[in-house]
Amino acid sequence: MTTLKNNHLLIMIGITLISLLAGCQPREQTLNEDTDPIMVETAEKKDDQSSDESDNQNEASDKDEDNDQSSDKSDEATDDSDDSKDDSGEKEENPYWNDSKKQKLDAFIKDWEKSMGQFYDAYTDEEKLDWYGVTFPDAMSQSNIQFQVDEQPVTAEWTQDPTKKDTYNVVAIYANIDNPQTTEPYLYLFTIYNDQPVVLVTAQNQGNDPQVLNLYFSPTENQQLQQGFAQIVAE
């Protein structure tokens, strides 16, 4: 009898333990089911945040690159502007005539006149020439004086910028009239005519019209003088 009671007690204890164990398992599953979505959601949020941060970093990097490119373009534009200012600030040198060529012509004339046995002076706005009552270079701006080359009316102009077309642009004047030893006075005009160097000469010593004074010139036949002037202009 006692044995049966003990067996019955053991069975009851076993059933109770089984019930307890069976009751605990659903709670663990419930907890796991409730916990897993939260962890997954948290992980997803972290992944989204990491993705957003990465996108933000990429956008910031792109903006930095754009800013760098804009800065480079701005620097290039500034450099171009500076170059433009430098170019506009520098005066373009005359391709035909300048002070250096003027000095070379003067040196050339000094050598050339010795070979001719003559002596020539240079005339300018400061040192004017009186050629039988006609003042040079003023004569080239006087309306009552007509220049002619080979007996054809022409336009002559005193200038240091000899680029005007169809005009004998006079850049230098030499004559030997003021030398006491001169017996045959000559007047030379060194000109640029349509981009070509031309040396004009006259020995005219009087006028021929009471209303308009015609000054007759012709291209020099002295090839040494013509070629020397042309070489200086071409330098």
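To start, this report covers the structure provided alongside it. Predicted, not measured: the structure shown is a model, and the values here were computed from it.

1. Section: a negative patch on the surface
Right, so step 1: On the surface, Asp 121, Asp 125, Glu 126, Glu 127, Asp 130 and Asp 178 cluster together to form a negatively charged patch.
Right, so step 2: By secondary structure assignment, the location of Asp 178 is in the loop between strand S7 (168-175) and strand S8 (187-193).

2. A closer look at helix H3 (residues 223-234)
Because an α-helix completes one turn every 3.6 residues, residues spaced three or four positions apart along the sequence face the same direction.
Right, so step 1: The end-to-end C-alpha distance of H3 is 16 Å, a good match for the 16 Å that twelve residues give at a rise of 1.5 Å each.
Right, so step 2: Restricting attention to buried positions, one finds in H3 the residues Leu 225, Gln 226, Gly 228, Phe 229, Ile 232 and Val 233. Summarising the axial view, the buried residues of H3 lie within an arc of 165°, below the 170-degree limit, and thus occupy one face. For H3, exposure combined with an orientation more than 90 degrees from the buried face picks out Gln 227, Gln 231 and Ala 234.
Right, so step 3: Those residues of H3 that are buried lie in contact with helix H2 (99-116), S7, S8 and strand S9 (196-202).
Right, so step 4: Capping the start of H3, Asn 222 holds a side-chain oxygen 3.2 Å from the backbone nitrogen of Gln 224, two or three residues further along.

3. What about the packing of aromatic side chains?
Right, so step 1: Enumeration over the complete set of coordinates arrives at ten aromatic pairs.
Right, so step 2: Considering the side-chain rings of Phe 190 and Phe 229, the 5.2 Å spacing of their centres and the 70° angle between planes classify their relative orientation as edge-to-face. Here Phe 229 lies in helix H3 and Phe 190 lies in strand S8, a separation of 39 residues in the sequence. You'll find Phe 190 and Phe 229 in the same group, each marked buried.
Right, so step 3: A connected cluster of aromatic rings, assembled from ring pairs, spans Trp 97, Tyr 174, Phe 190 and Phe 229.

4. Structural notes on the nonpolar core
Nonpolar side chains in soluble globular proteins generally cluster together in the buried interior.
Right, so step 1: Within the largest apolar cluster, 23 residues are counted, with the highest numbers of intra-cluster contacts made by Phe 136, Phe 147, Ile 173 and Leu 187.
Right, so step 2: Elements that contribute at least two residues to this core include exactly strand S2 (129-131), strand S3 (134-136), strand S4 (145-149), S7, S8, S9 and strand S10 (213-219).
Right, so step 3: For Phe 147, the residues in contact, after removing those within four places along its chain, are Phe 136, Ala 139, Met 140, Gln 152, Pro 153, Val 154, Ala 156, Leu 189, Leu 215 and Phe 217.
Right, so step 4: Formed by 19 residues, the second largest nonpolar core is a distinct cluster that contains Val 171, Tyr 188, Val 201 and Leu 225.

5. Description of the pattern of salt bridges
Right, so step 1: Tallying each qualifying case throughout the model produces six salt bridges.
Right, so step 2: With a shortest N-O distance of 2.8 Å, Glu 235 and Lys 104 are connected by a salt bridge. Taken as a pair, Glu 235 in the segment after H3 and Lys 104 in helix H2 lie far apart in primary sequence, 131 residues in all.
Right, so step 3: Residue class for Glu 235 comes out partly exposed when judged on its relative accessible area of 49%.
Right, so step 4: In this structure Lys 104 comes out as partly exposed when scored by relative accessible area, which is 39%.
Right, so step 5: With a shortest N-O distance of 2.8 Å, Asp 195 and Lys 165 are connected by a salt bridge.

6. Structural notes on the packing of H2 against H3
Right, so step 1: The contact between H2 and H3 brings their axes to 10 Å, and the two run at 160°. One element, H2, and the other, H3, form an angle in the roughly antiparallel class. Handedness of the crossing formed by H2 with H3: right-handed. Across the interface between the two elements, Lys 101, Lys 104, Leu 105, Phe 108, Ile 109, Trp 112 and Ser 115 from H2 touch Gln 224, Leu 225, Gly 228, Phe 229, Ile 232 and Val 233 from H3.
Right, so step 2: Of the residues contributing to the contact of H2 with H3, the split by class is eight nonpolar, three polar and two charged.

7. Some words on the side chain of Asn 179
Right, so step 1: Structurally, Asn 179 is set in the loop between S7 and S8.
Right, so step 2: For Asn 179, a relative accessible area of 18% corresponds to the buried category.
Right, so step 3: Of note is the side chain of Asn 179, whose polar atom sits 2.9 Å from the backbone nitrogen of Gln 181.

8. What about the side chain of Asn 98?
Right, so step 1: The topology assignment puts Asn 98 in the loop between helix H1 (2-89) and H2.
Right, so step 2: Here Asn 98 falls in the buried class, since its relative accessible area comes to 17%.
Right, so step 3: Of note is the side chain of Asn 98, whose polar atom sits 2.8 Å from the backbone nitrogen of Lys 101.

9. Things to note about H2
Right, so step 1: Here H2 contains 18 residues, and its C-alpha end-to-end distance of 26 Å stays within 8% of the 26 Å for a straight helix at 1.5 Å per residue.
Right, so step 2: Those residues of H2 that sit buried are Lys 101, Leu 105, Phe 108, Ile 109, Trp 112 and Glu 113. What you see down the axis of H2 is that its buried residues fit within an arc of 135°, all on one side. In H2, the exposed residues that point more than 90 degrees away from the buried face are Asp 99, Gln 103, Asp 111 and Lys 114.

About the cut-offs
Residues numbered from 1 in each chain as written. Predicted model: local features only at pLDDT ≥ 70, side-chain atom pairs only at ≥ 80, totals over all residues. Heavy atoms only, no water. Patch = residues over 30% accessible without salt bridge, like charges linked within 9 Å, V, L, I, M, F, W, Y side chains within 5 Å. Areas by Shrake-Rupley, 256 points an atom, 1.4 Å probe, with all protein chains shown as cover. Salt bridge = Lys/Arg side-chain N within 4 Å of Asp/Glu carboxyl O. Lys, Arg positive; Asp, Glu negative; His and termini not counted. Charge placed at Lys NZ, Arg CZ, Asp CG, Glu CD. Helix = DSSP H or I, 4+ residues; strand = E, 2+ residues; numbered from the N terminus. Expected span 1.5 Å × (residues − 1). Buried < 20%, exposed > 50% of the residue type's maximum accessible area, 1.4 Å probe, protein only. Arc of directions from axis to C-beta. Contact = heavy atoms within 4.5 Å. Polar contact = N/O pair within 3.5 Å; in protein donor to acceptor, adjacent residues only side chain to side chain. Phe/Tyr/Trp six-rings, centres within 6.5 Å; stacked < 30°, edge-to-face > 60°. Core = buried A, V, L, I, M, F, W, Y, C linked by side-chain atoms within 4.5 Å. Axes fitted to C-alpha atoms, helices over the stretch in contact; angles between N-to-C directions. Parallel < 35°, antiparallel > 145°, perpendicular 65-115°, else oblique. Left-handed = near helix turned anticlockwise from the far one by under 90°. Nonpolar A, V, L, I, M, F, W, Y, C, P; charged D, E, K, R; others polar.

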